[in-house]
Amino acid sequence: LLTIQEHVNKPLKKVKIVFVGDIRNNMSYAWMKGCAKMGMHFVAYGPKELINELDKNTLNQVYEVANYSGARIEFSDNINSLKDADVIYTDVWASMGEEAQIPYKVKILAPYKVTMDLLKSTGNKDVIFMHCLPAFHDFETKLAKEQMELGYDIREVTDEVFRSRHSVVFDEAENRLHTIKAVMV
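As a starting point, this report considers the structure included with it. Just so it is clear, the structure is predicted and the values come from calculations on it, not from any experiment. (Residues numbered from 1 in each chain as written. Predicted model: local features only at pLDDT ≥ 70, side-chain atom pairs only at ≥ 80, totals over all residues. Heavy atoms only, no water.)

### A look at helix 9 (residues 169–184)
1) Next: For helix 9, spanning 16 residues, the distance from its first C-alpha to its last is 23 Å, which sits close to the expected 22 Å at 1.5 Å a residue.
2) Next: All of the buried residues along helix 9 are Val169, Glu172 and Asn175. All buried residues of helix 9 fall inside an arc of 115 degrees around its axis, so they share one side. Turned more than 90 degrees off the buried face of helix 9, the exposed positions are Phe170 and Met184.
3) Next: Buried residues belonging to helix 9 abut helix 1 (2–7), strand 4 (87–90), strand 5 (128–131) and helix 8 (159–162). (Helix = DSSP H or I, 4+ residues; strand = E, 2+ residues; numbered from the N terminus. Expected span 1.5 Å × (residues − 1). Buried < 20%, exposed > 50% of the residue type's maximum accessible area, 1.4 Å probe, protein only. Arc of directions from axis to C-beta. Contact = heavy atoms within 4.5 Å.)

### A few points about the packing of aromatic side chains
1) Next: For the structure on display, the rule yields five aromatic pairs.
2) Next: Where Tyr63 meets Phe75, the ring centres are 6.4 Å apart and the plane angle is 90 degrees; that geometry is what we call edge-to-face. Placement of Tyr63 in helix 4 (residues 56–69) and of Phe75 in strand 3 (residues 72–76) is noted, with a sequence separation of twelve residues between them.
3) Next: On the basis of relative accessible area, Phe75 is assigned to the partly exposed category, the value being 21%.
4) Next: Between Phe162 and Phe170 the ring centres are 5.8 Å apart and the planes differ by 85 degrees, which places this aromatic pair in the edge-to-face class.
5) Next: Among the residues examined, Phe170 registers a relative accessible area of 54% and is labelled exposed.
6) Next: Grouped by ring-pair contacts, the aromatic residues Phe19, Trp31 and Tyr89 constitute a single cluster. (Phe/Tyr/Trp six-rings, centres within 6.5 Å; stacked < 30°, edge-to-face > 60°.)

### Some details on the pattern of salt bridges
1) Next: Scanning all chains against the criterion turns up 15 salt bridges.
2) Next: Among the salt bridges present, the one from Glu98 reaches Lys105, with a minimum N-O distance of 3.5 Å.
3) Next: Of the residues examined, Lys105 reaches a relative accessible area of 2% and is grouped as buried.
4) Next: With its nearest N and O atoms 3.1 Å apart, the salt bridge here joins Asp126 to Lys125.
5) Next: One salt-bridge network, in which partners are shared between bridges, spans Asp22, Arg24, Glu53, Glu98 and Lys105. (Salt bridge = Lys/Arg side-chain N within 4 Å of Asp/Glu carboxyl O.)

If you want it as structure tokens, here you go:
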């Protein structure tokens, strides 16, 4: 949230965050809960089959908090749901220990890769891109190379977006360091 406050020139309650890709993972749920608490507009944008698999208990908690805070929580597989987004957020498609799921994840998530065209679909020339890191944005890692040799492009974001003016991933990482240090004190 600190990174959003630094880079988006509006109150948090007016910020629209779209989490793109594997909307069932821990980061998506964390953003869902955080946005509900802060009264923000959150969209989980991913495949319909993943929308149908979202944890019902978590959704009930999120809706209860959102009703109190005035947050708007949405789930969509339609690219139009990105319109007017201030923040595009994604995470890796297969976490550690999920390597066996890579073929399936690539198949269902490839249409949700964060590209410059996806950013443009927001209609917001100042949209920011965030990622908790590490990210698969090129083929410089051992895993990305190995998977590409097997025919699987595991990049959840293109290098063009990752290195663009829209990307605030390193500011986000720096802010995480400062917030962790503050909690420790």
